[in-house]
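Fold and contact review
So the chains spell out like this:
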Amino acid sequence: MHFGVQGTGRPCRNLCFVPCFVAAVSFAGCSPASRPQAVEDSLTSGRMTVVCPPEAGGLIAREKSAFQALYPKAVIEVRPGSSRDAVSGLFQARADAAVLTRELEPEERAAAVRGRLEVDGYRFARDALVVIVNPANPVENISLQDLARIYSGTLTDWSDVAGGRGAIAPVAQPPGSDVTAFFEEQVMSNQPIRARVYQERDDSAVVARVLREPRAIGYITLAWAGHGARALRVASMRGLPYWDPDLEAVYRGDYPLTRFFSYYVRPHGRPLADGFITFITSRDGQKIVHEQGLVPTSVPVRFVRRSPMLSSH
């Protein structure tokens, strides 16, 4: 099994030799009086810590379970934290790997240069921010311009958005979260949300609020699309095409609010950190990415659309 990894880092090492080597060492040392051996640090055994934002937490938890089922001597501790927390932990050697829902920021790259730190990054999933409304809301399309006006407080009635009617009830996620940081960067031009909003703790709570409030609008991650609320088509600006947040549009980068999940390690850190990303970017790991509702990055992806003229059988 040779898995290549897309990204700026080096190719991951081959995993297949490790179980054989471990087995050989184990059998060579067997004796009734032998003491339990410490678990070696390898691509498939040992301990590691990864800091992961909540938006990627469900995916990383599934990847961890699948990896540890294959390699029981691997102990992976997942600590929650923002992308900034993850970078800080990796740079200060308090974590062996960092999951980011964005790219490294310029000041983080500059800090790495100043500190003579080397890090390798691997993109392992594509995600998107999905704009949702109540199913009873007749609005189907929205531009990033109108979305910014809603969350800045200057557009307050659905009558100013084609097909709508009634006061707009914007819903936001916590200010310090990665998802809100991405929203403010891509929609608000790095300005904070100033409208009066319902603030909810996560995607699940935003969906629940939008389903309760007929005139609500909110933003969630791609994995939570299709949980009852209706997704709007989004255009980068008025006059340009509106895109559904479907997997193909996200994969191609046509949908305006697309982002990557990335995994960063130190080049000479714990081998298990390399082994884990090798699994995540393998066929089995990328299948989990797809099952989580996200778009794979390191395996070929093919999209099949059924013609409406074809039978459903």
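Here we summarise the structure given alongside this text.

Procedures and definitions
- Residues numbered from 1 in each chain as written.
- Predicted model: local features only at pLDDT ≥ 70, side-chain atom pairs only at ≥ 80, totals over all residues.
- Heavy atoms only, no water.
- Helix = DSSP H or I, 4+ residues; strand = E, 2+ residues; numbered from the N terminus.
- Buried < 20%, exposed > 50% of the residue type's maximum accessible area, 1.4 Å probe, protein only.
- Contact = heavy atoms within 4.5 Å.
- Areas by Shrake-Rupley, 256 points an atom, 1.4 Å probe, with all protein chains shown as cover.
- Salt bridge = Lys/Arg side-chain N within 4 Å of Asp/Glu carboxyl O.
- Core = buried A, V, L, I, M, F, W, Y, C linked by side-chain atoms within 4.5 Å.

1. As for the overall build of the protein
For the protein, the helix and strand inventory stands at ten helices and twelve strands. For the protein, the residues scored as buried account for 45% of the 313 residues in total. Taking the contacts inside the protein whose residues are at least 6 apart along the sequence as the reference set, 74% of them involve residues at least 24 apart. If you sum the accessible surface of the protein, you get close to 16200 Å²; carbon and sulfur atoms cover 53% of it.

2. Quick word on unusual backbone geometry
If you check the backbone angles, Ser189 has positive phi at about 55 degrees while not being a glycine. Following the sequence through the fold, Ser189 ends up in the loop between helix H6 (178-186) and strand E7 (198-199). Its identity as a non-glycine residue notwithstanding, Asn190 has a phi of 65 degrees, on the positive side. Position of Asn190 among the secondary structure elements: in the loop between H6 and E7. Residue Asn190 is classed as exposed on the basis of its relative accessible area of 58%.

3. Observations regarding the pattern of salt bridges
Scanning the model with the defined rule gives 19 salt bridges in all. Across the pair Glu105 and Arg84 runs a salt bridge whose closest N-O atoms are separated by 2.7 Å. With a gap of 21 residues between them, Glu105 in the loop between strand E3 (97-100) and helix H4 (106-114) and Arg84 in helix H3 (residues 83-91) connect regions that are remote in the sequence. What makes Arg84 partly exposed here is its relative accessible area of 45%. Here Arg201 and Asp202 are joined by a salt bridge, their closest N and O atoms 3.5 Å apart. Of the residues examined, Arg201 reaches a relative accessible area of 63% and is grouped as exposed. Here Asp202 falls in the partly exposed class, since its relative accessible area comes to 27%. Here the salt bridges do not stand alone but share partners, grouping Arg84, Arg102, Glu105, Glu107 and Glu108 into one network.

4. A few points about helix H5 (residues 144-152)
Three or more residues of H5 are buried, namely Leu144, Asp146, Leu147, Ala148, Ile150 and Tyr151. In the core, the buried residues of H5 are packed alongside strand E4 (120-133), strand E5 (141-143), strand E6 (169-172), H6, strand E8 (216-221) and strand E10 (233-235). Where H5 terminates, the next one or two residues include Gly153, which has phi positive at roughly 95 degrees.

5. Things to note about the nonpolar core
Met48, Phe124, Leu147, Tyr151, Ile217 and Tyr263 are the most contacted members of the largest nonpolar core, which has 68 residues in total. The dominant element in this core, judged by the number of residues it contributes, is E4, at nine residues. Grouped together as the second largest cluster of nonpolar side chains are eleven residues, Ala86, Phe91, Ala98 and Leu100 included.

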